[in-house]
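# A structural walkthrough
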2 protein chains.
Amino acid sequence: MQIPIVENVLKLNDEVAQLNREQFDAASVWVVDLIGGPGCGKTTLLEATLQALKGEFAVGVLVGDLTTSRDADRLARGTDQVAQINTGQACHLDANQVRQAMRYVDLQSLDVLVIENVGNLICPVGFDLGQHAKVGMFSVAEGADKAAKHPRLVQMADALVLNKIDMLGAQPFDRNGFEADVFRLHPEVVIADVAALRGQIEPWLNWLRQQVHAHHPPIPTGSSIVTPHA
Amino acid sequence: MQIPIVENVLKLNDEVAQLNREQFDAASVWVVDLIGGPGCGKTTLLEATLQALKGEFAVGVLVGDLTTSRDADRLARGTDQVAQINTGQACHLDANQVRQAMRYVDLQSLDVLVIENVGNLICPVGFDLGQHAKVGMFSVAEGADKAAKHPRLVQMADALVLNKIDMLGAQPFDRNGFEADVFRLHPEVVIADVAALRGQIEPWLNWLRQQVHAHHPPIPTGSSIVTPHA
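If you tally the helices and strands in chain A, you get 8 helices and 7 strands. A burial count over chain A gives 57% of its 230 residues as buried. Nonlocal contacts in chain A, meaning residues at least 24 apart in sequence, comprise 74% of its contacts between residues at least 6 apart. Only carbon and sulfur atoms are counted for the fraction: they give 51% of the accessible area of chain A, which is about 10,000 Å².

See the structure below:
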């Protein structure tokens, strides 16, 4: 008798993530995984994003938290395509949780889907959810050492958002040191400065617009033919 | 042939934590595990604590980060009893990491040992390190919903520190809502308001002093006799 063994939980996750990505591509929706610490302003950024992009892109959100639906309640004021994932005690989203939650949004109607990960700079980094881009988010209030302390996030991120830049000056924050750490770890990465609470998020919106326009889904809408793609 | 199986990694962790606790008690040192998100101000609080308690208590620190020795470098200005634990990709400290690190401080010389956990509100909560108390730390800059979103931390904490209270007024923060969430989850818990960057940390120092004075180690210094204790 041969007992099947799942050798690697991450491998299984990657297979489900690939299924998600194929479904996202079939629906021509660009998907970003937003990763940041608790209180860095992820939900506030998304509130401002939903408002700014109204009439330009149809944006949906899947939002992860251990518990409560507070974030989804806030975001539901800006889109009816939102689902809350409660992870219980789990410190990150995995591809299967996203797979369950994406049933609750109408992918065909969306241009952009943001997955707001659980507030955590560490655990979400290694998990593919099927996204097209990963964005790491820091805030001035957290101090300038957070990039150096979270090198994997910086290295894996397609862009970084630095929030609460309106606190520069009022808070000690070594901007030069922050940038030196970031570019040492990832020379080509974009840093988008925002003040989400004030609605000052243009650098982030511009990066997002570029990504959506550059995204050419490899699978035609409605097709079930799966071809390998990066 | 019988293959031994470790049934529960947390059970093993608890056994090592108990060894740590016995060693702390034998040295008459009171140990606190400080848990908070990235950038809530843990290291800044400890810098101010070391300065304030100079001549009153001998304080050592074990500090956890994925990488870098930046926190230990900062804290070494206030005590020569400090060790940095780099966890690599691990999102929390475990009892064995503390066991390795505590060799680098002279427990006999200390009254207080603070274990500054990895910046993370989720994963560190369930791990016993051998501490006598767990403290959860939030900051005004993170927003008022963090207690509700991290119920296990609030429930397990012997005290909570709310940092950056000098930002109240400048930042939106529903103080009443924060307190309602905290006391619903843990009616008896102490909330110590601090502004660590300004050195305004008296409520935290007073709670800490009470704990140290109330702590009666059950094992006389130097004894190797181990008796069960809470």
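Additional details are given in the paragraphs that follow.
Residues and elements named next belong to chain A. At T68, a position not held by glycine, the phi torsion is positive, near 75°. Structurally, the position occupied by T68 is in the loop between β2 (59-65) and α3 (70-75). Judged by its relative accessible area of 17%, T68 falls in the buried class.

The next thing to look at is the relation of the copies chain A and chain B. Rotating chain A by 180° about the axis while translating it 0.0 Å along that axis superimposes it on chain B, leaving an RMSD of 0.0 Å. Read as a symmetry element, the transformation amounts to a two-fold axis. When the interface residues of chain A are mapped onto chain B, 100% of them again fall at the interface, so both copies present the same face.

Glancing now at helix α2 (residues 42-52) of chain B. Of all 11 residues in α2 of chain B, 8 are buried; the element is thus mostly enclosed. Residues K42, T43, T44, L45, L46, A48, T49 and L50 of chain B constitute the buried set of α2 of chain B.

Moving on to helix α7 (residues 175-185) of chain A. Within α7 of chain A, the full set of buried residues consists of G177, F178, D181, V182 and L185 of chain A. The buried residues of α7 of chain A occupy one face: seen down the axis, they fall within an arc of 135°. Opposite its buried face, α7 of chain A presents the exposed residues N176 and R184 of chain A, each directed more than 90 degrees away. In this structure, the buried side of α7 of chain A is in contact with β5 (133-139), α5 (146-149), α6 (151-156), β6 (159-163) and β7 (190-193) of chain A together with α3 (70-75) of chain B.

This brings us to the nonpolar core. In this structure, L62, L107 and L113 of chain A together with L62 and L113 of chain B are the most contacted members of the largest nonpolar core, which totals 46 residues. Only β3 (82-86), α4 (95-101) and β4 (112-116) of chain A together with β3 (82-86), α4 (95-101) and β4 (112-116) of chain B provide two or more residues apiece to this core. The residues touching L62 of chain B, leaving out its near neighbours within four places in the chain, are A83, I85, V98, A101, M102, V105, L113, V114, I115 and E116 of chain B. Counting residues in hydrophobic clusters, the runner-up holds 40 residues, among them F138 and F173 of chain A together with A157 and V189 of chain B.

Residues and elements named next belong to chain B. Taken in spatial order, the 7 strands line up as β3-β2-β4-β1-β5-β6-β7 in an open sheet, and their pairing is parallel. Every other strand in the sheet has two partners, leaving β3 and β7 (190-193) as the edge strands with one partner each. Ignoring which end each strand starts from, the neighbouring axes of this sheet average 20° apart. On the sheet, helix α7 (residues 175-185) packs against β5 (133-139), β6 (159-163) and β7 and is oriented at approximately 150° with respect to β7.

Glancing now at the confidence of the model for chain A. Residue and element names in this part refer to chain A. Summarising the model, chain A shows a mean pLDDT of 92, and 90% of its residues fall at 70 or more. When the criterion is pLDDT under 50, residues 225-230 qualifies, and its contacts beyond four places in sequence or with other chains add up to 9 contacts. Interface confidence for the predicted complex, given as ipTM, is 0.89, next to a pTM of 0.90.

Moving on, we come to the sheet that holds β7 of chain A. Residues and elements named next belong to chain A. The parallel open sheet is built from 7 strands, whose spatial order is β3-β2-β4-β1-β5-β6-β7. Unpaired on one side and paired on the other, β3 and β7 mark the two borders of the sheet. When the angles between neighbouring strand axes are averaged without regard to direction, this sheet yields 20°. Note: strand β1 (residues 30-36) against β5, 5 bridges, orientation parallel.

As enumerated under the stated definition, the model contains 30 salt bridges over all chains in all. With a closest N to O distance of 2.9 Å, E47 of chain B and R74 of chain B form a salt bridge. On the criterion of sequence distance, the pair formed by E47 of chain B in helix α2 and R74 of chain B in helix α3 is long-range, its members being 27 residues apart. Taking relative accessible area as the criterion, E47 of chain B reaches 24% and is therefore assigned partly exposed. Shared partners join several salt bridges into a network, and the residues in it are D65 and D71 of chain A together with D145, K146 and K149 of chain B.

Before going further, it helps to spend a moment on the interface of chain A and chain B. In this complex, chain A contributes 34 residues to the contact, which on the side of chain B involves 34 residues. In total, chain A and chain B occlude about 2,600 Å² of area from one another, counting both sides; carbon and sulfur atoms represent 62% of this. When residues of chain A are sorted by the area they lose upon contact with chain B, P38, I122 and K149 of chain A head the list and together hold 24% of the total. The interface formed by chain A and chain B holds 6 salt bridges in total. Taken together, the connections running from chain A to chain B amount to 10 residue pairs in polar contact (both at pLDDT 80 or more). Counting residues per element, the ones that place at least two in the side of chain A that touches chain B are α3, α5, α6 and α7 of chain A. Residues of the side of chain A that touches chain B, tallied by class, amount to 13 nonpolar, 9 polar and 12 charged.

Further remarks concern the side chain of N117 of chain A. Residues and elements named next belong to chain A. Here N117 is to be found in the loop between β4 and β5. Overall, N117 belongs to the buried group, its relative accessible area being 1%. A polar contact of 3.1 Å, which involves the side chain of N117, links it to the backbone nitrogen of L93. Once residues within four sequence positions are removed from consideration, N117 is found in contact with D33, L34, I35, K42, G64, H92, L93, P124 and L129.

Conventions used here
- Residues numbered from 1 in each chain as written.
- Chains lettered and ligands numbered in written order.
- Predicted model: local features only at pLDDT ≥ 70, side-chain atom pairs only at ≥ 80, totals over all residues.
- Heavy atoms only, no water.
- Helix = DSSP H or I, 4+ residues; strand = E, 2+ residues; numbered from the N terminus.
- Buried < 20%, exposed > 50% of the residue type's maximum accessible area, 1.4 Å probe, protein only.
- Contact = heavy atoms within 4.5 Å.
- Areas by Shrake-Rupley, 256 points an atom, 1.4 Å probe, with all protein chains shown as cover.
- Least-squares fit on C-alpha atoms with pLDDT ≥ 70 in both.
- Arc of directions from axis to C-beta.
- Core = buried A, V, L, I, M, F, W, Y, C linked by side-chain atoms within 4.5 Å.
- Pairing = 2+ DSSP bridges.
- Axes fitted to C-alpha atoms, helices over the stretch in contact; angles between N-to-C directions.
- pLDDT = per-residue confidence, 0-100.
- Salt bridge = Lys/Arg side-chain N within 4 Å of Asp/Glu carboxyl O.
- Buried area = accessible area lost by both parts, 1.4 Å probe.
- Polar contact = N/O pair within 3.5 Å; in protein donor to acceptor, adjacent residues only side chain to side chain.
- Nonpolar A, V, L, I, M, F, W, Y, C, P; charged D, E, K, R; others polar.

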